[in-house]
Amino acid sequence: MQLRYSFRLYPSAGQRAALGKAFGCARVVYNDALRARETARSEGMPFPKTGDLSKQLITEAKSTPERAWLAEVSAVVLQQSLRDLDTAYRNFFDGLKGKRPRMGAPRYKSRKDTRQSVRFTANARWSITTGGKLHLPKIGDLKVKWSRRLPWTPSTVTVVKDSAGRYFASFVVETGPEEVLPEVAPELGIDLGLGHFAVLSDGTKVDSPRFLRRAERRLKKAQRELSRKEKGSRNRTKARIKVARAHARVADARREFHHQLSTKLIRENQAIAVEDLAVKGFARTRLAKSVHDAGWSAFVTMLEYKAARYGRTFVKIGRFEPTSQVCSWCGVKDGPKPLHVRVWTCGACGAVLDRDINAAVNVAKAAGLAVSACGARVRPGLVPAPRSEAETHPTPQPSTAR
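The sections below set out a description of the structure shown in this document. What you see is a predicted model, and the numbers here were worked out from it, not measured in a lab. (Residues numbered from 1 in each chain as written. Predicted model: local features only at pLDDT ≥ 70, side-chain atom pairs only at ≥ 80, totals over all residues. Heavy atoms only, no water.)

Concerning the pairing of strand β8 (residues 187-192)
- Along β8, 5 of the 6 residues are buried, which leaves the element largely enclosed by surrounding structure.
- Examined bridge by bridge, β8 and strand β11 (residues 271-275) share 3 bridges and lie parallel to one another. The partner of G189 across the bridge, within β11, is A273.
- The pairing of β8 with strand β9 (residues 196-200) spans 3 bridges and is classified as antiparallel. Pairing of I190 across the sheet is with L200, part of β9.
- Where β8 hands over to β9, the hairpin turn is made up of 3 residues, counted between the paired strands. (Buried < 20%, exposed > 50% of the residue type's maximum accessible area, 1.4 Å probe, protein only. Helix = DSSP H or I, 4+ residues; strand = E, 2+ residues; numbered from the N terminus. Pairing = 2+ DSSP bridges.)

The following block contains the structure:
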């Protein structure tokens, strides 16, 4: 499988200018190609092929005064920009055919976009120097903060400038089968929520960090300062970067939390089951900010690819499974319950159930995992004796039946 490793870059002032030129040239070629295809569509002409666009918008354009500056950047960057447009069109048409979730048609890129990127393939002859720097053609040797070693030789590198003005090198690496972990016995069901980020079928509850909620005061202050700046001024640009950096700190902390928890669960369990939550539906309710703060989709995606990488089993059950309505002890369904009901008693067997742990056990059972309700911290409640035994046991006795 392919994995992506990102590392922080620290370019010099001249290298930042060269990267800015590469970002701009790639954007211009992308927009020119999009304009050519949209013009052909409106006039009823055949759809221009990538090879023809490459010859017209890159090779021939370099010899014109209007586009002569395209020769100042690597040609591979411009070719990859055309391939990005092909991918955007393919995803759009696949969405119309029902092969993937629907997405909008390709749009023009703006020079005011706060996130910019260019991609270098092996044809660009980029390399990692003996001194640990990243050599890029027509840009130079960039300083890299290597936080870990690359397991394999990367095939491509993408240089990204984010909204906070930070630069990253993103490497695509092919991983082999030697990363499969030894088999372990535990199998786990996970119930994701807001009160607790995750509740496990073994009874463990993981608290929700709520990174966005904790940073709200700092974010509000930075946003107020931005709103007071004059549009188009340098001070407004500085204030915008300050807001972007505050949001980046929140996103980085959330991503680190997701990585640590997902890696821990994958290493300690052979199989993991989660529920396919309707995040878009939750995001349209009054809980939208808390739902986005939790980042369920990103966490589930991490579990899925790490399970494939390390040889674990990952199962996602349907979102309409009544995990909160079924007793994990006896399997009787007694209907939906309001959100404020966190502990309930089964009317059939009398078991006292924690709502979230019970749901986690039912998630595991729905996925076919070997999870017992005995590990869910449920206990039989006080059940009145049958009428025929009233003389023997005049007071209610706890049931010993399992």
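Past the structure itself, the notes keep going.
Some details on the sheet that holds strand β7 (residues 167-174)
- Across the sheet, which stays open at both edges, the 7 strands sit in the order β2-β6-β7-β1-β5-β4-β3 with antiparallel pairing between neighbours. Of all strands in the sheet, those bounded by a partner on one side alone are β2 (116-120) and β3 (127-128).
- Its contacts with the sheet put helix α1 (residues 13-42) on β2, β5 (140-145), β6 (156-161) and β7, and the angle it makes with β2 is roughly 90°. (Contact = heavy atoms within 4.5 Å. Axes fitted to C-alpha atoms, helices over the stretch in contact; angles between N-to-C directions.)

Some words on unusual backbone geometry
- Even without being glycine, K138 reaches a positive phi, approximately 65°.
- Its location among the elements puts K138 in the loop between β4 (134-136) and β5.
- For K138, a relative accessible area of 55% translates into the label exposed.
- Backbone geometry places R210, a non-glycine residue, at a positive phi of 55°.
- Tracing the backbone shows R210 in the loop between β10 (205-207) and α4 (211-214).
- Residue R210 is classed as partly exposed on the basis of its relative accessible area of 42%.

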